[in-house]
Each structure stands twice: as C-alpha cells, then as structure tokens.
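Residues per chain are reported as follows:
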Amino acid sequence: MSAGTTTPRGPASGDLRDALREAAAVLAEAADARATVVLSGHVQPDADALGSTLALAEGLRRRGARVLATFPGPFTLPASLGWIPGAEGLVPSDAVPSSPDVFVSLDAASPGRLGELAPLLDRAATSVVVDHHASNPGFGRVRVVDPTAPATVTLVADLLDGLGVTLDEHLATCLYAGLAADTGSFRFGSTRPDTHELAARLLSTGIDHAAISRRLFDTAPFGWLGLLSVVTGRASLEPDVGAGLVWTWSSAAEAGEHGLPGEQLEALVDVIRSTQEADVACVLKGQTDGSWSVSLRSRGGTDVSRVAMAMGGGGHRAAAGYTSHLDREGTVEALRAELRAR
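Here, residues in each chain are numbered from 1, in the same order as that chain's written sequence. Only residues with pLDDT of 70 or above have their local features reported here, since the model is predicted, and side-chain atom pairs are shown and tallied only from 80 upward, although totals for entire chains, interfaces and linings are computed over all residues. Values shown for side chains rest on all heavy atoms present in the structure; no hydrogens or waters enter the calculation.

**As for the sheet that holds strand β8 (residues 245-251)**
For step 1, the next point in the chain: Two strands form a pair only when DSSP identifies at least two bridges running between them. Put simply, DSSP marks the helices as runs of H or I at least four residues long and the strands as runs of E at least two long, and each gets a number from the N terminus on. With mixed pairing, the six strands of this open sheet are ordered in space as β7-β8-β9-β10-β12-β11. Two strands lie at the open edges of the sheet, namely β7 (236-238) and β11 (314-315), each paired on one side alone.
For step 2, the next point in the chain: The sheet contact formed by strand β10 (residues 292-298) and strand β12 (residues 319-324) spans six bridges and is antiparallel. From the neighbouring strand, Val294 faces β12, where its bridge partner is Tyr322.
For step 3, the next point in the chain: A contact between two residues is defined here by any heavy atoms of the two lying within 4.5 Å. Under this scheme, a helix contributes an axis fitted over its contacting stretch, all axes are lines through C-alpha atoms, and angles between N-to-C directions fall in the 0 to 180 degree range. In the packing of helix α12 (residues 328-340) onto the sheet, the strands contacted are β7, β8, β9 (280-286), β10 and β12, and the crossing angle to β8 comes to about 155 degrees.

Written out as structure tokens, the structure is:
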C-alpha cells in the first residue's frame, strides 16, 4: 500500500482525492473485518481535534469497526468541550491496545503532539494521519494532510462520505463544533466558499448551531472575568518588534486562584489578538513543570507557524504555538529575536 500525500485542498486536487480514497478504503476494510481501530486527537484537544475524533469514531462504529477513541494525557476535557456527542465514551490512553489493527491520528501536527500514543504510529498494522497543519512534516503510513483546509473536520467529513456514512445531527454536531472553532466562527482567512457549503450541509441536519457556539465561545465561570482583568491589565505592547507584538502571561496556578482549570487559559489569546497596533499576539501560559506553553496569533502580516517551528513547535500561518523551557523573560526575548529576524 502506498502512502497518501500532503497536498493543497481546494479546489480538491487529484492527489488529495487519491489520499482520501486510500484512507477511506483502509478504514472501510477495517470496518468490514470488524478490526480494532484506535483514534486520537492531539494532547489537550481543542474542538477540531475532539470533533474530528468523535465524528470519525462514530462513523466507523456504524460501519462495524471496533472503535476506541482517546487522546494523550492529561485525560481531562474542559467543560466547553465535554458536551460534544460521544465524549462520554472516550477512554484513557492506557486503556487502548498497544498494537491495534489501525491507528488514526487526527489534527496532530507532529508525532510529538500525540504524547504517549505516538508509538502506535509504528506499532499498529496500519496508521492513518488526518491533519491540516502547515507545519506537519509528513508521518504515518496513509496521509491525508491538507494545509489549506480550514479545519481537520472538513477532511473527516470527506472520509465519512467515502465510507458511505450519512451525516445526521449527532455527526454534524461534532463536525460543526470543530469547523466553527477553527475558523473563528468563519472569521479567519482560511474560510472558503466550500467551508460555508459544508456548514450549510451540517445545518440542514437540524443541529442547534446557536447552542453549539454558545457552549464553545460564550460560556465561562464568573471567575473568568477576574482572571481576564488581571491578565489583560499586565499586557505589554511592543510596536517596534517585527510588525508589532502584544503579549501577556498567566499560569495554571493563577487560573486556580480564580477557581478555573488551567485549560481556561487557552481562550486568553483570542482576547489579546484584537489589539490593533500589533500584528502578533502572544500569551505565555505557565505550566506546573516550570515550562511555558506559548500561544501565537497573527492578524495576517506574520506567518507565526514559521516562528513556532523555529522554536520547536508548529501550527498555521495565523495560529501556532510551542513550548519554552526558558524563564519568562528569556522566553519573550527569544520570541522578540525571532520576530525581528523576519
């Protein structure tokens, strides 16, 4: 079996269509054989990773496969995602077989983003990688990697079509959650005509898109307001760094002081990015091990995926991230130097 290929999406190229057909054939064969399929999104999954995993898992179950859906530890989901259909059936990573018939990686830009599940790429009889990150180096045996796709769920929708699985409200809710999240409610530059066509198709199943968006974007504990006040109050604007940098920081411990889980920090960068005077927004999130998880966003002038890749991370042109083991000032200074060099 030949590997699929990393290729632009729309209008769909022949190479991408071939990769999708190959992946669908592998998954259909596994389902027909009642094989064991393990699916995983990346560590600390977002709506795209989780929606992709749960939608494809449900589709494969309907085709007859024995399915286990998981994600790398820590095995906790924020409240903003735990409601997605099928989330209650997720199993911890240590509960999946170490050598499944098929392992499917979804929305992971690199093997490292799979954490302790990365060895399954080699241990499984067949591995399938479905992703849309520009920084994806190409891994796994069968690859459906489209850097121009606005979300991995769009590729999963194509795979479900290839498997002959009819989209209903259950599947559409999973897919719409990922689509709305990764397009910024269709505000980001990756949104294309076929993005809206897929959204219309999902809406036609009867999903409550307003409730999905409310749960994803407009629901937070009262403590979020206090944390937001503190973190935005310490934000720094450095207009002379690259095309302009705005940055701030917080930590899991600080989130805890406001009664919030550490995952709540993920939403901070989407507030900081609104700064008009800076092309790049950055939030440093202090972890319990002393490292900093760095989230980057661009207003369009800076390719932050290249910045993140230079720091050992990855992502998209407008949204990327990496981990720093320097102290806070060292982390920011390294970012300044990289932005000035571009």
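**Overview of the side chain of Thr331**
For step 1, the next point in the chain: Counting through the fold element by element, Thr331 comes out in helix α12.
For step 2, the next point in the chain: For every residue, the accessible area (1.4 Å probe, protein chains only) is compared with the maximum for its type, and the residue is labelled buried under 20%, exposed over 50%, or partly exposed between those bounds. With a relative accessible area of 2%, Thr331 lands in the buried category.
For step 3, the next point in the chain: If we ignore the near neighbours within four places in the chain, the residues touching Thr331 are Leu284, Trp292, Val294, Tyr322, Ser324 and Leu326.

**Description of the pattern of salt bridges**
A side chain of one charge can pair with a side chain of the opposite charge when the charged atoms of the two come close.
For step 1, the next point in the chain: Each reported salt bridge corresponds to a side-chain nitrogen of Lys or Arg within 4 Å of a carboxyl oxygen of Asp or Glu. Following the criterion strictly, the structure yields 18 salt bridges and no others.
For step 2, the next point in the chain: The closest approach of N and O atoms between Asp161 and Arg201, which form a salt bridge, is 2.6 Å. Of this pair, Asp161 sits in helix α4 (residues 152-162) while Arg201 is found in helix α6 (residues 193-203), placing the two residues 40 residues apart along the sequence.
For step 3, the next point in the chain: For the salt bridge of Glu338 with Arg342, the shortest nitrogen-to-oxygen distance reads 2.7 Å.
For step 4, the next point in the chain: Overall, Glu338 belongs to the buried group, its relative accessible area being 19%.
For step 5, the next point in the chain: The network of salt bridges with common partners includes Glu238, Glu329, Glu333, Arg336 and Arg340.

**Comments concerning the environment of Thr183**
For step 1, the next point in the chain: Topologically, Thr183 is positioned in the loop between α5 (169-182) and α6.
For step 2, the next point in the chain: Residues within four places of Thr183 in sequence aside, it is in contact with Pro150, Phe188, Thr191 and Thr195.
For step 3, the next point in the chain: Between N or O atoms, a polar contact is any pair within 3.5 Å; within protein, one atom must be a potential hydrogen donor and the other a potential acceptor, and residues adjacent in sequence are included only when both atoms are from side chains. Within the structure, Thr183 has its side chain in polar contact with the backbone oxygen of Leu179 (distance 2.7 Å).

**So, unusual backbone geometry**
For step 1, the next point in the chain: Residue Gly73 is joined to Pro74 through a cis peptide bond whose omega torsion reads 5 degrees.
For step 2, the next point in the chain: Non-glycine residue Ser185 carries a positive phi angle of around 55 degrees.
For step 3, the next point in the chain: Considering the arrangement of structural elements, one finds Ser185 in the loop between α5 and α6.
For step 4, the next point in the chain: With phi around 70 degrees, Phe186 is a residue other than glycine that occupies positive phi space.

**A word on the confidence of the model for the chain**
For step 1, the next point in the chain: Each residue gets a pLDDT score, which is the predictor's confidence in that residue and runs from 0 to 100. For the chain, the average pLDDT comes to 94, and 96% of its residues sit at 70 or higher.
For step 2, the next point in the chain: Under a pLDDT of 50 for its full length, residues 1-12 has, in the predicted model, 40 contacts with residues more than four places off or in other chains.

**Digging into the nonpolar core**
For step 1, the next point in the chain: Grouping buried Ala, Val, Leu, Ile, Met, Phe, Trp, Tyr and Cys residues that are joined through side-chain atoms within 4.5 Å yields what is termed a nonpolar core. Grouped together as the largest cluster of nonpolar side chains are 61 residues, with contacts concentrated most on Leu39, Leu56, Leu60, Val104, Leu175 and Leu202.
For step 2, the next point in the chain: The element that contributes the greatest number of residues to this core is helix α1 (residues 14-32), accounting for 10 residues.
For step 3, the next point in the chain: The contacts of Leu56, once residues within four sequence positions are left out, are Leu27, Leu39, Val104, Leu106, Val156, Leu159, Leu160 and Leu163.
For step 4, the next point in the chain: Of all hydrophobic cores here, the second largest spans 17 residues; its members include Leu245, Val294, Val304 and Ala308.

**Quick word on the pairing of β9**
For step 1, the next point in the chain: The buried fraction of β9 is high, at seven of seven residues.
For step 2, the next point in the chain: With burial as the criterion, each face of β9 is covered, one bearing Val280, Cys282, Leu284 and Gly286 and the other bearing Ala281, Val283 and Lys285.
For step 3, the next point in the chain: As paired strands, β8 and β9 are joined by seven bridges and run parallel to one another. Residue Ser250 lies in a different strand from β9, and its bridge partner there is Lys285.
For step 4, the next point in the chain: Both β9 and β10 contribute to a ladder of seven bridges, which runs antiparallel. In the strand pairing of β10, Cys282 is matched with Leu296.

**Details of the packing of α1 against helix α2 (residues 47-63)**
For step 1, the next point in the chain: Following both chains from N to C, one finds α1 and α2 inclined at 50 degrees, their axes separated by 8 Å at the closest point. Considering the angle they form, α1 stands oblique to α2. Seen from above, α1 lies across α2 with right-handed handedness. Only Leu56, Leu60 and Arg63 of α2 make contact with α1, whose side of the interface consists of Leu27, Ala28, Ala31 and Asp32.
For step 2, the next point in the chain: Tallied by class, residues from the contact of α1 with α2 come to five nonpolar, no polar and two charged. Note on terminology: angles under 35 degrees are roughly parallel, angles over 145 are roughly antiparallel, angles of 65 to 115 are roughly perpendicular, and the others are oblique. In a left-handed crossing the near helix is turned counterclockwise from the far helix by less than a right angle, and in a right-handed crossing that turn is clockwise. For this scheme, ten residues count as nonpolar: Ala, Val, Leu, Ile, Met, Phe, Trp, Tyr, Cys and Pro. Four count as charged, namely Asp, Glu, Lys and Arg, and the remainder, Gly too, count as polar.

**Here we look at α6**
For step 1, the next point in the chain: Residues Thr195, Leu198, Ala199 and Leu202 constitute the buried set of α6. Each buried residue of α6 sits inside an arc of 100 degrees when the element is viewed along its axis, so together they form one side. Summarising the geometry of α6, the exposed residues directed more than 90 degrees from the buried face are Pro193 and Glu197.
For step 2, the next point in the chain: Residues of α6 that are buried make contact with α4 and α5. What the arc covers is the set of directions going from the helix axis to the C-beta atoms.

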